[in-house]
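Examining the three-dimensional arrangement
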Amino acid sequence: MGNHSVLESLVESGDKLKIPRKVEHIVLFQNEKMMKFFTIAVKKDGFTIEEESSEKDEGDYVICISRIDSVDYLAIDEFTDLLNCREV
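A look at the packing of aromatic side chains
Summed over the entire model, instances satisfying the criterion amount to one aromatic pair. Aromatic side chains Phe29 and Phe38 sit 5.1 Å apart centroid to centroid with 55 degrees between the ring planes, which places their arrangement in the tilted category.

Here is the structure:
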């Protein structure tokens, strides 16, 4: 789902977007080396590694990361952009 679609669903269910909470992201990589570089970079940005694959899962290496963030429209776009920049 896109960021704003997720936020619209949260608002419809009465969520207060400004309240910080654990936000998880799943990122796919074509090779393990790139996943390892990404892992090192996002740890410096305060993310926690929840889970990572040591083998390809349906063609990709998978990593699940999290961080405590508020999820208003500006904030969610900012940290998504940060993660996209980290994907080298």
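This is not the end of the story, as more comes after the structure.
Quick word on the sheet that holds strand β1 (residues 21-29)
Taken in spatial order, the three strands line up as β1-β3-β2 in an open sheet, and their pairing is antiparallel. Strands at the two margins of the open sheet, each flanked by one partner only, are β1 and β2 (48-52). Taken over all neighbouring pairs, the strand axes of this sheet differ in orientation by 25 degrees on average, direction set aside. Where β2 and strand β3 (residues 61-69) come together, four bridges link them in antiparallel fashion. What sits directly across from Thr48, in β3, is Ser66. Sheet strands in contact with helix α2 (residues 32-44) are β1, β2 and β3, and its direction is about 10 degrees off that of β3.

Criteria and thresholds
Residues numbered from 1 in each chain as written. Predicted model: local features only at pLDDT ≥ 70, side-chain atom pairs only at ≥ 80, totals over all residues. Heavy atoms only, no water. Phe/Tyr/Trp six-rings, centres within 6.5 Å; stacked < 30°, edge-to-face > 60°. Pairing = 2+ DSSP bridges. Helix = DSSP H or I, 4+ residues; strand = E, 2+ residues; numbered from the N terminus. Axes fitted to C-alpha atoms, helices over the stretch in contact; angles between N-to-C directions. Contact = heavy atoms within 4.5 Å.

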